[in-house]
Amino acid sequence: MITLLLITASFWMVIYLLGQDFNDLLPLLASNGGMVHIPAEDLHARGHAFALRSWRVFAITLGVGALAASLFAWCTAKLILSSAHRLANTANRISAQALHERLAPENNIAELEPVARAFNHMLDRLEDSFTRLSGVSSDIAHDLRTPIHRLLMVAQVTLDRPRSADEYRAVIESAVPTYERMGRMIENILFLARAESQQSAVHATFIPLEQRLGAIAAFFELLAQERGLELALQVDQSAHVWADDTLLTRATGNLLTNAIRHARPGSTVVLSGSVASNGGCHISVSNEGEPIALKHQARIFERAYRVESPSNEQAPGVGLGLAIVKSTMELHGGLVYLRSAPGHPTVFTLWFPPPPPRAPEAGPSRGRISR
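This structure is a prediction, so every number in the text was calculated from the model and none was measured.

Draft legend 1. Molecular detail of the overall build of the chain. Helix and strand counts for the chain come out as 9 helices and 7 strands. Across the 371 residues of the chain, 34% fall into the buried class. Partitioning the contacts of the chain with sequence separation of at least 6, the portion at a separation of at least 24 is 71%. Only carbon and sulfur atoms are counted for the fraction: they give 61% of the accessible area of the chain, which is about 23,200 Å².

The following block contains the structure:
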């Protein structure tokens, strides 16, 4: 742009000089009836003077233009560097204790505004993840501290005086459920960590839906009867789902555990499965109980998020079950969604996408069911 301006200015000055020379000839033309004879020496002198003036004007114009261009480039570079320095200073102030710091896009040049806004969006995501991670770490530490403190107290009381072998055996047996619960918690945490880092492999096959959901329902039937509930199964016959057998069993089991825990006594928990026309599969778990408020529905799949209710006080969990369900569906490329409203059953639905083209058929699955 600067180069074009310099060239234009130079041409304008040359044309201006030609115009001046023509104006000098106008009196002679007027006095001689439009005809004038200019001696060769005078013509040569005029041409030489015109060339000198043209080069002088061109040099001055070029020099002034170069100086102006250099000054403009220096100011632009200084402005860009000052904006970059402000961005760097703000970025240097950001730490785990100051994640609230943000860049000010309006204080930067237009070219750096998209960079500042993208950086702020990244900081928003990092702050949200860091806040949730800190909360999860605190909740997990609290959940682990309580059983460990209980086990320590039991051990100290047991070792306070000599006891018989039967008494020692009873103490160890009473601690086994606590150890199992802690082991499941640690296993769930590791699963979520692997799932988020894409380290969990999904070994998907065609699974007979009726057989798999039937086995899961049979496993949870005794637990439902202990709570005074009825467990119903509604599955399309000859339907198959393309999924990892272990992960599907785990996700469905987590939903059933929550449904049984929060269902109203004497009601029915329904486990259903159906296949869509495109080959995708829906697996739903519904129960009749207290509806989940909208403010909780938006966060219920987060780690360590628990909804306070009387059923939770009787059998508290660690808030990882639904987070595992969500991670499982993300590994499959599917979805999990919730529908809950007053006067209607609460329904959790898993959607498994259709199988890829030419997916190999698999025989009946006989995977072990575990909660």
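Draft legend 2. Focus on unusual backbone geometry. The residue Ser-238 is not glycine, and still its phi comes out positive at about 60°. You can see Ser-238 is positioned in the loop between strand 2 (230–235) and strand 3 (240–244). The exposed category is assigned to Ser-238, whose relative accessible area is 71%.

Draft legend 3. Molecular detail of the nonpolar core. Core analysis: the largest hydrophobic core is formed by 37 residues, its most contacted members being Val-269, Ile-283, Leu-350 and Phe-352. Residue contributions to this core peak at 7 residues, all from helix 5 (residues 209–226). Leaving out residues up to four positions away in the same chain, Val-269 has contacts with Leu-229, Glu-230, Leu-231, Ala-232, Leu-256, Ala-259, Ile-260, Ala-263, Val-285, Ser-286 and Asn-287. Counting 10 residues, the second largest nonpolar core, distinct from the first, contains Leu-192, Leu-320, Ile-324 and Leu-331.

Draft legend 4. Broad picture of the pattern of salt bridges. Evaluation of the coordinates by the stated rule reveals 4 salt bridges. Ionic pairing is found between Arg-169 and Glu-173, a salt bridge with its closest N-O pair at 3.1 Å. Of the two residues, Arg-169 and Glu-173 are both situated in helix 4 (residues 165–196); the distance of 4 residues between them amounts to about one turn of the helix. Linking Arg-264 and Glu-288 is a salt bridge whose minimum nitrogen-to-oxygen distance equals 2.9 Å. Taken together, the residues span a long stretch of sequence, with Arg-264 in the loop between helix 6 (245–262) and strand 4 (268–275) and Glu-288 in the loop between strand 5 (281–287) and helix 7 (294–297) at a distance of 24 residues.

Draft legend 5. Representation of the pairing of strand 6 (residues 335–339) in the model. Residues of strand 6 alternate between two faces, with Val-336 and Leu-338 buried on one and Leu-335, Tyr-337 and Arg-339 left unburied on the opposite face. In this antiparallel pair of consecutive strands, strand 6 and strand 7 (residues 346–352), the connection spans 6 residues, and Gly-343 shows a positive phi of 85°.

Draft legend 6. Focus on the pairing of strand 4. The pairing of strand 2 with strand 4 spans 6 bridges and is classified as parallel. Across the sheet, residue Glu-230 finds its bridge partner in strand 4, namely Thr-268. Across 6 bridges, strand 4 lies against strand 5 in antiparallel orientation. Note that in strand 5 the partner of Ser-272 across the bridge is Ser-284. Once strand 4 ends, the chain turns through 5 residues before running back antiparallel as strand 5, passing Gly-279 with a positive phi of about 95°.

Draft legend 7. How the structure looks around the environment of Leu-87. Inspection of the secondary structure assignment puts Leu-87 in helix 2 (residues 40–93). Judged by relative accessible area, Leu-87 falls into the buried class, the value being 15%. C-alpha of Leu-87 to C-alpha of Phe-119: the two residues are 32 residues apart in sequence and 9.6 Å apart in space.

Draft legend 8. Examining the environment of Leu-133 more closely. Turning to its location among the elements, Leu-133 is positioned in helix 3 (residues 113–158). When its relative accessible area of 47% is taken as the criterion, Leu-133 is described as partly exposed.

Draft legend 9. Structural view of the side chain of Asn-287. With respect to the element layout, Asn-287 can be found in strand 5. What makes Asn-287 buried here is its relative accessible area of 7%. A distance of 3.1 Å separates a polar atom in the side chain of Asn-287 from the backbone oxygen of Ala-259. Contact partners of Asn-287, with chain neighbours within four places excluded, come to Ala-259, His-262, Ala-263, Thr-268, Val-269, Pro-345 and Thr-346.

Draft legend 10. Broad picture of the sheet that holds strand 5. Spatially, the 5 strands line up as an open sheet ordered 2-4-5-7-6, and their pairing is mixed. A strand with exactly one partner marks an edge of an open sheet, and here the two such strands are strand 2 and strand 6. Looking at each pair of strands side by side, their axes are set apart by 15° on average, direction ignored. Lying on the sheet, helix 6 is in contact with strand 2, strand 4, strand 5 and strand 7; it crosses strand 5 at an angle near 20°. Most of the contacts of helix 9 (residues 321–332) go to strand 7, to which it runs at about 25°, and overall it touches strand 6 and strand 7.

Draft legend 11. The packing of aromatic side chains, seen in detail. One pass over the full model with this rule turns up 3 aromatic pairs. Seen from their ring centres, Phe-219 and Phe-220 are 5.3 Å apart, and the 80° between their planes marks the pair as edge-to-face. A relative accessible area of 33% means that Phe-219 is categorised as partly exposed. On the basis of relative accessible area, Phe-220 is assigned to the buried category, the value being 1%.

Draft legend 12. The environment of Ala-175, seen in detail. In this fold, Ala-175 is placed in helix 4. When the C-alpha positions of Ala-175 and Leu-151 are compared, they lie 6.9 Å apart, and in sequence the two are 24 residues distant.

Draft legend 13. Molecular detail of helix 5. Over its 18 residues, helix 5 extends 26 Å from the first C-alpha to the last, a length consistent with the 26 Å expected when each residue adds 1.5 Å. Along helix 5, the sharpest kink reaches roughly 40°, centred on Phe-220. When helix 5 is considered as a whole, its buried residues turn out to be Leu-209, Arg-212, Leu-213, Ile-216, Ala-217, Phe-220, Leu-223 and Ala-224. In this fold, the buried residues of helix 5 make contact with strand 1 (204–208), strand 2, strand 3, helix 6, strand 4 and strand 5. After helix 5 finishes, the residue Gly-228 shows a positive phi value of roughly 75°.

Rules used throughout
- Residues numbered from 1 in each chain as written.
- Predicted model: local features only at pLDDT ≥ 70, side-chain atom pairs only at ≥ 80, totals over all residues.
- Heavy atoms only, no water.
- Helix = DSSP H or I, 4+ residues; strand = E, 2+ residues; numbered from the N terminus.
- Buried < 20%, exposed > 50% of the residue type's maximum accessible area, 1.4 Å probe, protein only.
- Contact = heavy atoms within 4.5 Å.
- Areas by Shrake-Rupley, 256 points an atom, 1.4 Å probe, with all protein chains shown as cover.
- Core = buried A, V, L, I, M, F, W, Y, C linked by side-chain atoms within 4.5 Å.
- Salt bridge = Lys/Arg side-chain N within 4 Å of Asp/Glu carboxyl O.
- Pairing = 2+ DSSP bridges.
- Polar contact = N/O pair within 3.5 Å; in protein donor to acceptor, adjacent residues only side chain to side chain.
- Axes fitted to C-alpha atoms, helices over the stretch in contact; angles between N-to-C directions.
- Phe/Tyr/Trp six-rings, centres within 6.5 Å; stacked < 30°, edge-to-face > 60°.
- Expected span 1.5 Å × (residues − 1).
- Bend = angle between axes of the 7 residues up to and from the residue.

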